[in-house]
Amino acid sequence: MNILLTGATGTLGSNLLYKLLLREDIEKLYLLVRDKKGTTAKARLTKILSSKTAPKEIRNSIQKQLHKIAVFNSDEFFKPENYIDTSAEIFCIHSAGFVNLSTNKAHKDEIFSENFDFTKRIFECFKPYVSKFVYISTAYSIGDIGGLIPNTFHTKNAKPNFRNFYEESKYLAEQYLLKNAKTANIQLQILRPSVLGGNIFENSQYFISKYMVYYLLAKFFHNNPFVNDSIRIAINKNTGLNIIPVDYAASIIEKAFTMNIKELNIVHSTSTNLFNGIQRIAETVNFKKLEIVSPSLNILESFSSKLETLYYNSIGIHLEPYLTSTPYEYDTRLLESILPIPLYDTVDYLEHTVAYAKERAFRNKRW
Ligand SMILES: NC(=O)c1ccc[n+]([C@@H]2O[C@H](COP(=O)([O-])OP(=O)(O)OC[C@H]3O[C@@H](n4cnc5c(N)ncnc54)[C@H](OP(=O)(O)O)[C@@H]3O)[C@@H](O)[C@H]2O)c1
């Protein structure tokens, strides 16, 4: 079997790449990797394979791994007629995406272009070649719904309450694929991780290549420029944020992509309670002036400090819809039948992953 993989330089994709390389039934991996900041696609790929966070078996056999991989930048990748071996079965795993929780209308076009238009382009280009298309979406594509969320939720009359353009663009990409994969007679699988956190398994525990979502809050508290200022953050005390370790999510994708599963949320069975979780984040980065208030208090009407103004003019405004969501959990029975979710306390995990990031000054991995 051969695999077309997008997003291999990403938080999730790099982890997935390692797992796919360790499978013996994959002959060739075709990767879309952009040249970036003067580093060629091939050089970026070599950095990923030789990183000390890569599995030893891969680090110790880079030439062998490179032999299995064909890497293309954007221009070449979209000309599959020049390189695809049509004698083997081909699956596409589309993990490239733009994780941006902005609620600012100025960012809408870019978020839609990177998530919705780009997915359409990948699907249309490769549909003559692939027998299965695996789309990496997000567990939040259903919007702010509350209750117990199933794996399958698209219905004709649904009107989701999206928290931002990211959720909407991923939801519309799912709908496009559901309709068009059927017409093209291609098997479709939609896999939806929740918020990605650092590794949970022992190899490079807590490592993640890019600090996003809750890490941004920790980074904000940590780099506070107004040390004497306090900040009020509105939280629904009963709600949580679903966080899943990136290596567990990649393991599930690596196991599920050959299975006959149409839609699957890759999530924790218990959301991390935000009331406790955010206090723990603040403690971990030694930020003492946090006051948690009820969402009914309209903080946006008048800010009480420079720090609060800065927060709500930057990440605060984008995180707010998640901190005040209707409480929800996910049905994880199917997920856990593939690989049990490792047992740990979700608030302790939050602390450990934030402490790991703090030690590294929240610096993303560059490759
Ligand atoms: N991070 C999360 O918490 C999270 C949670 C749920 C779902 N997801 C979904 O999981 C998938 C992977 O996310 P991630 O966390 O790995 O994101 P990430 O770390 O930001 O990586 C994004 C990947 O997509 C590639 N990419 C983006 N736009 C591209 C384009 N126009 N052409 C070629 N490559 C492009 C990036 O390439 P470059 O390195 O060249 O930029 C990178 O490899 C996404 O679909 C995302 O929506 C992420």
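Structure first, text after, so check above.
All figures in this text were calculated on a predicted structure; none of them were measured in a lab. (Residues numbered from 1 in each chain as written. Predicted model: local features only at pLDDT ≥ 70, side-chain atom pairs only at ≥ 80, totals over all residues. Heavy atoms only, no water.)

A. Local environment of the layout of surface pockets. The calculated volume of the second largest pocket comes to roughly 210 Å³. Along its surface, the second largest pocket is lined by Lys52, Thr53, Phe207, Ile208, Ser209, Tyr211, Tyr356, Arg360, Arg363, Asn364 and Lys365. Residues that form the lining of the second largest pocket fall into these classes: 4 nonpolar, 3 polar and 4 charged. (1 Å grid on protein atoms, 1.4 Å probe; cavity = no way out; pocket = protein on both sides within 12 Å on 5 of 7 lines; lining within 4 Å. Points joined across faces, edges and corners; volume = space filled by probe spheres on them. Nonpolar A, V, L, I, M, F, W, Y, C, P; charged D, E, K, R; others polar.)

B. Broad picture of the packing of aromatic side chains. Enumeration over the complete set of coordinates arrives at 24 aromatic pairs. Chaining the aromatic ring pairs together yields one cluster made of Tyr30, Phe72, Phe77, Phe78, Tyr83, Phe118 and Phe126. Stacked on the ring of Phe112, the Lys or Arg Lys108 has its end atom at 5.4 Å from the ring centre. Taking NZ or CZ as reference, Arg360 lies 3.6 Å from the ring centre of Tyr356, over its face. (Phe/Tyr/Trp six-rings, centres within 6.5 Å; stacked < 30°, edge-to-face > 60°. Lys NZ or Arg CZ within 6 Å of the ring centre and 35° of its normal.)

C. Structural context of empty space enclosed by the protein. For the coordinates displayed, the defined rule picks out 1 cavity of 30 Å³ or more. There is about 120 Å³ of room inside the largest cavity. Elements with a minimum of two residues in the lining of the largest cavity: helix H8 (214-222), helix H10 (274-284) and helix H12 (315-323). Considering each element in turn, the lining of the largest cavity owes the most residues, 4 residues, to H10. Here the residues of the lining of the largest cavity are counted per class, giving 12 nonpolar, 2 polar and no charged. (Helix = DSSP H or I, 4+ residues; strand = E, 2+ residues; numbered from the N terminus.)

D. Expanded view of the site of the ligand. Taken together, 26 residues are adjacent to the ligand, and Thr9, Thr11, Arg44, Glu114 and Tyr166 come closest. A distance of 3.3 Å separates an oxygen atom of the ligand from a polar backbone atom of Ile136. Of all the secondary-structure elements, those providing two or more residues to the shell around the ligand are helix H1 (11-21), helix H6 (108-126), helix H7 (165-184) and strand S8 (195-197). A per-class count over the shell around the ligand returns 11 nonpolar, 9 polar and 6 charged. (Near = heavy atom within 4 Å. Polar contact = N/O pair within 3.5 Å; in protein donor to acceptor, adjacent residues only side chain to side chain.)

E. View of the side chain of Ser51. Inspection of the secondary structure assignment puts Ser51 in the loop between helix H2 (41-50) and helix H3 (56-59). With a relative accessible area of 5%, Ser51 lands in the buried category. In this structure, Ser51 is in contact with Tyr18, Arg59, Lys365 and Trp367, ignoring residues within four places of it in sequence. (Buried < 20%, exposed > 50% of the residue type's maximum accessible area, 1.4 Å probe, protein only. Contact = heavy atoms within 4.5 Å.)

F. Just unusual backbone geometry, in detail. Non-glycine residue Lys37 carries a positive phi angle of around 45 degrees. Structurally, the position occupied by Lys37 is in the loop between strand S2 (28-32) and H2. Look at Lys37 and you get exposed, because its relative accessible area is 74%. Even without being glycine, Tyr206 reaches a positive phi, approximately 75 degrees. Within the element layout of this structure, Tyr206 appears in the loop between S8 and H8. The class for Tyr206 is buried, based on a relative accessible area of 18%.

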